[in-house]
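Close look at the chain arrangement
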Amino acid sequence: MQYDLVFATARMAIEALAAGCAVIVCDSRGMAGMVSCANLPRLRPLNFGLRSLVHPVSVERLLAEIDNYDAADAERTALRVGLMASLEPTLDRLIQLYGEAMAQPPPDPAAHQAATLAFLREALPRTRTDRRWPWMAEREQLTARIDQLERDLADARRSPAARP
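What counts, and at which threshold
The residue numbering used here restarts from 1 in each chain and proceeds along that chain's sequence as written. In keeping with the predicted nature of the model, local features appear solely for residues at pLDDT of at least 70, side-chain atom pairs appear and are counted solely at 80 or more, and the whole-chain, interface and lining totals rest on all residues. The side-chain figures draw on all heavy atoms in the structure; neither hydrogens nor water molecules are used. Each residue gets one of three labels from its accessible area relative to the maximum for its type: buried under 20%, exposed over 50%, partly exposed in between, using a 1.4 Å probe on protein chains only. Only DSSP runs of H or I reaching four residues or more are called helices, and only runs of E reaching two or more are called strands; each is numbered from the N terminus. In this description, strands pair whenever DSSP reports at least two bridges between them. Seen with its strands pointing away from the viewer, a crossover is right-handed if its path from the first strand over the helix to the second goes clockwise. Every axis in this analysis is a line fitted to C-alpha atoms, fitted for helices over the stretch in contact. Angles between the N-to-C directions lie between 0 and 180 degrees. Between two residues, a contact is recorded if the distance between any of their heavy atoms is within 4.5 Å. For this analysis, a salt bridge means a side-chain nitrogen from Lys or Arg found within 4 Å of a carboxyl oxygen belonging to Asp or Glu.

Along any regular strand, the residues point their side chains to alternate faces of the sheet. Burial along strand β1 (residues 5-8) is one-sided: the face carrying Val 6 and Ala 8 is buried and the face carrying Leu 5 and Phe 7 is not. Relative to strand β2 (residues 22-27), β1 is paired through four bridges, and the arrangement is parallel. Paired with Ala 8 across the strands is Val 25, a residue of β2. At this point the chain moves from β1, through helix α1 (residues 10-18), to the parallel β2, and the crossover so formed is right-handed.

Written out as structure tokens, the structure is:
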């Protein structure tokens, strides 16, 4: 790889680390900072993803993280990630989890329904003003604007002044 420092999250961060790069975990949603041997045990279980992005992205914070670059620590971190991300331990863990899940008694239908409803209430957007889902309000505004433009265009096509 021809880069020493990569800005990425989730799978891209893991791949860059495994390839030997130093990684600053960040995207438009936030940042977790430079991955190091010290914070790897905290960030890896979060998959370097959304739950790890606890800081807002700013020029100052990015510059501070770049200043934290330590080639030796990046190399040690890459070696650890390579061991963590290899296929054999992952498959072993998945087989273990599958066995544990299969050993459990089937869930109580009422408890399953209650858990499903609780998840849906928490995870799904309820209204266009739900602050967790700002795109819904924007989508509604854009849809209304498209509808208005289509009406204006239809009116213009029907208008005698618009005909040659």
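And the narrative resumes.
Overall, mixed pairing links the three strands, which are arranged β1-β2-β3 in an open sheet. If you trace the sheet from one side to the other, it starts and ends with β1 and β3 (30-34), each paired once. Averaged over all adjacent pairs, the angle separating strand axes in this sheet is 20°, with direction ignored. As paired strands, β2 and β3 are joined by four bridges and run antiparallel to one another. Across the sheet, residue Val 25 finds its bridge partner in β3, namely Gly 33. The strands that helix α3 (residues 59-67) touches are β1, β2 and β3; relative to β3, the one it contacts most, it runs at about 20°.

A few words now on the pattern of salt bridges. Following the criterion strictly, the structure yields four salt bridges and no others. For Arg 11, the salt bridge is made with Glu 15, and the minimal N-O distance between the two is 2.7 Å. Taken together, the positions of Arg 11 and Glu 15, both in helix α1 and four residues apart, correspond to about one turn of that helix. By relative accessible area, which is 61% here, Arg 11 ends up exposed. Between Arg 29 and Asp 27 there is a salt bridge; the shortest N-O distance is 2.7 Å. Accessibility expressed as a relative area gives 22% for Asp 27, which makes it partly exposed.

Another aspect to go through is the environment of Val 6. Along the chain, the position of Val 6 falls in strand β1. The spacing of Val 6 and Val 25 is 19 residues in sequence and 8.3 Å in space, taken between C-alpha atoms. If sequence neighbours within four positions are ignored, Val 6 has contacts with Ala 16, Cys 21, Ala 22, Val 23 and Ile 24.

The quantities given are spatial measurements derived from coordinates; they are silent on function.
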